[in-house]
Amino acid sequence: MDNSELHIVMVGHVDHGKSTVIGRLLYDTKALPEGTVDKVKRIAQETGKPFEYAYLLDAFEEEQKQGITIDTTQLKFHTASREYVIIDAPGHKEFLKNMISGASDAEVAFLIVDAARGVEEQTKRHAYILRLLGIRKIYVLINKMDLVDYQQTRFTAVKAEVSAFLATLQLQAAGFIPVSAYYGENLLQRSVKMPWYTGKSFITTLDSIQAKPTAENQPLRLPIQDVFKFDQRRIIAGRIEAGALQVDDQIKLYPSGRETVVTEFAHWAPRDAKVDASVGQSVGIQLQDEFFNQRGEIITRSSDTQQPTVANVVQTNLFWMRQAPLVAGKNYKLKIATQQVIARVLKILKVTDSSTLATREDATKVQLNDVAEVVFQTETPLVYDLFTQQQVTGRFVVVDGYDVAGGGTITEHYQGDTELDGAIFSTDNDDYQLNLFDQYCLTAGGQVVTRQHQGHYQLGAELPLKGAGYNYPTDFAILLARQDRVLTINDGHFSGVQPLASYQETLPLVNQRGARLKLSQITDLPKYLTERETLNDKTKADFYQKWLDFDAYHQIVIEDI
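The numbering scheme is per chain: residues are counted from 1 as the chain's sequence reads. Only residues with pLDDT of at least 70 get local features here, since the model is predicted, and only at 80 or more are side-chain atom pairs given and counted; chain-wide, interface and lining totals rely on the full set of residues. The side-chain quantities take in all heavy atoms of the structure and omit both hydrogens and water.

Can you tell me about the overall build of the protein, naming the residues and giving the values?
Each helix corresponds to a stretch of at least 4 residues labelled H or I by DSSP, and each strand to a stretch of at least 2 residues labelled E; elements are numbered beginning at the N terminus. A tally of helices and strands in the protein yields nine helices and 37 strands. Relative accessibility under 20% of the residue-type maximum defines a buried residue, over 50% an exposed one, and the middle range a partly exposed one, all with a 1.4 Å probe and only protein chains included. Relative to its 561 residues, the protein shows a buried fraction of 51%. We call two residues in contact when some of their heavy atoms are within 4.5 Å. Considering only contacts within the protein whose residues lie at least 6 apart along the sequence, 68% involve residues at least 24 apart. When the accessible surface of the protein is split by element, carbon and sulfur atoms take 47% of a total near 25,700 Å². A 1.4 Å probe and the Shrake-Rupley method give the accessible areas. Residues count as covered only by the protein chains that appear here.

Here it is, written out as structure tokens:
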């Protein structure tokens, strides 16, 4: 038996026979717990209903009596080839959100369509959700072939109908299989009632699907959890989420893309010493070069061909879970692995109401339980992978205030207008989004709000150093520690970009928001960076008070009442 375990999700319009497909499959493969069939027969008798294979799936007697599935269920079975996990996602519109959470772990999907009824509204919605989740390997089971006398013409017609719809979502079915789940036709073996069908049975199709690489065989992803100092040692700590790492590996640290070499794995006692580590292990590593690292950076191996994406604009598939809606233009915190960045809702591309299944493409809000395609713009670069390639760096949560308000996945790169909002400083190779010229205003209601400055400044451009609420000197430098860069301003113009390690000038330094760094001399910069490495929620307030002076070049503008 293959050691791999394939996760599959079953979806389909209500009454198209999804539960019957799974129930019959579990029954025929003898995967049901002892006594399950007798229990279902007893409940059917008590309720005066005929025995149905669909009832075998329902985890609770109350669900069986109601005749609907209301939660996501994971069921295991095996063939002679390997183990399988079936994710049974509910088909009723009221429980669409359960389908979304359930299907997120699947590698392949089976979309079940009634041969007599063809494509219906929920069939379309479920296919759309599969696309949002990044599941591209989709097989179509055309069920209830017994109701159309196993006719090839009807199978061909439904196949064409499904194919045409999937094409509108830029999807293509991996295969079409005609079945009659209730009678077990074409499930475990080819059906004699459909001699015109020359393809594989359902179970043979399953066994032929290649599972995606396990996390151990994927490219390295090591999010930095913290940085520790012991004597003269700097230890980078984190948990390996994918791949493996060993001493002497050349690595990259994102978002900066800096490269160095792993020299040692930290250990407390000689018996704990090791030269390699793999997925799931928490490690502390020492590096050949002394970079100033921080929580949230992602470590990869330089030799891996699949490297993460670094961007300030990211397109997401979002499920919203808070009573207060997500609003276009509002700032939220976006968390991926150990990263946490401020992100503004740049665009809401499409919203699907999970209760009515209605779709809106002109929405300005995402309401409770809505599914949406949302584009975020982040203040600092975000490091991510597509969810289909790396799950830990391809899924995210949204925090509003102190509460987790939503979550989702990144399944495609943003292809729209990439013009960033705010003050954008550009060189031939890079863009840097800054908030130097934003205005902070006290409103009549007593709230401090931000009026964002819009501007694009190429290398050599003259800058608006004086404005309502801010006044900068003509010569200063901007420290971008996360990107390992320093931008220099000379005589009021954007004059250059250099690596942080090579910066030796004595210009006044500010951060990307324009707060002056309180450095008495250039030798204080390493001290600032060292303390910045170990920042956490408890130490932030003291750190900001010690090192940052926002009032040096800013003042709050009082708006007219």
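Lay out helix H1 (residues 18-28) with the relevant residues and their values.
Each full turn of the α-helix corresponds to 3.6 residues, which orients residues three or four apart in the same direction. Taken across its eleven residues, H1 has nine buried, putting it largely inside the fold. Of the residues making up H1, those classed as buried are Lys 18, Ser 19, Thr 20, Val 21, Ile 22, Gly 23, Arg 24, Leu 25 and Leu 26. Looking one or two residues beyond H1, the residue adopting positive phi is Lys 30, at roughly 55 degrees.

Pulling in residues and values, what's your account of the sheet that holds strand E25 (residues 431-434)?
For two strands to count as paired, DSSP must find a minimum of two bridges between them. The strand order across the open sheet formed by three strands is E25-E24-E28, and the pairing between neighbours is mixed. Whereas interior strands pair on both sides, the edge strands pair on one side only; in this sheet they are E25 and strand E28 (455-458). With direction set aside, neighbouring strand axes in the sheet form an average angle of 20 degrees. The angle between two axes is taken between their N-to-C directions and runs from 0 to 180 degrees, where each axis is a line fitted to C-alpha atoms and a helix contributes only its stretch in contact.

A description of helix H5 (residues 121-132) should follow, citing residues and the corresponding values.
A helix is expected to span 1.5 Å multiplied by its residue count minus one. If you check H5, its first and last C-alpha atoms are 17 Å apart, about what twelve residues at 1.5 Å a residue would give, namely 16 Å. The element H5 is extensively covered by neighbouring structure, given that ten of its twelve residues are classed as buried. Turning to H5, its buried residues number three or more, namely Gln 122, Thr 123, Arg 125, His 126, Ala 127, Tyr 128, Ile 129, Leu 130, Arg 131 and Leu 132. One or two steps after H5, the chain reaches Gly 134, where phi turns positive at roughly 80 degrees.

Which residues make up the nonpolar core, and what are the values?
In this description, a nonpolar core means a group of buried Ala, Val, Leu, Ile, Met, Phe, Trp, Tyr and Cys residues linked to one another through side-chain atoms lying within 4.5 Å. Of all hydrophobic cores here, the largest spans 60 residues; its most connected members are Met 10, Phe 110 and Leu 206. Per-element accounting of this core gives the leading share, six residues, to strand E4 (residues 108-114). In contact with Leu 206, not counting residues within four places along its chain, are Leu 6, Ile 8, Phe 77, Arg 82, Tyr 84 and Phe 110. Leu 334, Val 345, Ala 363 and Leu 386 belong to the second largest nonpolar core, which has 24 residues in total.

Give a detailed account of the sheet that holds strand E7 (residues 222-230), specifying residues and quantitative values.
Around the barrel, which closes on itself, the six strands sit in the order E7-E8-E13-E11-E10-E14 with antiparallel pairing between neighbours. For this sheet, the mean inter-axis angle between neighbouring strands, taken without regard to orientation, is 50 degrees. In terms of strand pairing, strand E10 (residues 250-254) meets strand E11 (residues 258-265) through four bridges, oriented antiparallel. Within E11, the residue paired with Leu 253 across the bridge is Arg 258.

Tell me what's going on with the pairing of strand E23 (residues 403-409), and back it up with residues and numbers.
Looking along a regular strand, one sees the side chains alternate between the two faces of the sheet. Counting buried positions along E23 yields five of seven residues, so the element is predominantly enclosed. As paired elements, strand E15 (residues 309-320) and E23 share four bridges and run antiparallel to each other. Paired with Asn 317 across the strands is Thr 409, a residue of E23. Where strand E22 (residues 395-400) lies against E23, six bridges are found, and the strand directions are antiparallel. Bridging from a neighbouring strand, Arg 395 pairs with Thr 409 of E23. Hairpin connection, E22 to E23: the antiparallel pair is bridged by two residues, and Gly 401 has positive phi, about 70 degrees.

Which residues make up the side chain of Lys 350, and what values do they have?
By the secondary structure assignment, Lys 350 is in strand E18 (residues 339-352). What Lys 350 contacts, discounting residues up to four positions off in sequence, is Tyr 128, Thr 359, Arg 360, Glu 361, Val 371, Ala 372 and Glu 373.

Structural measurements only, silent on function.
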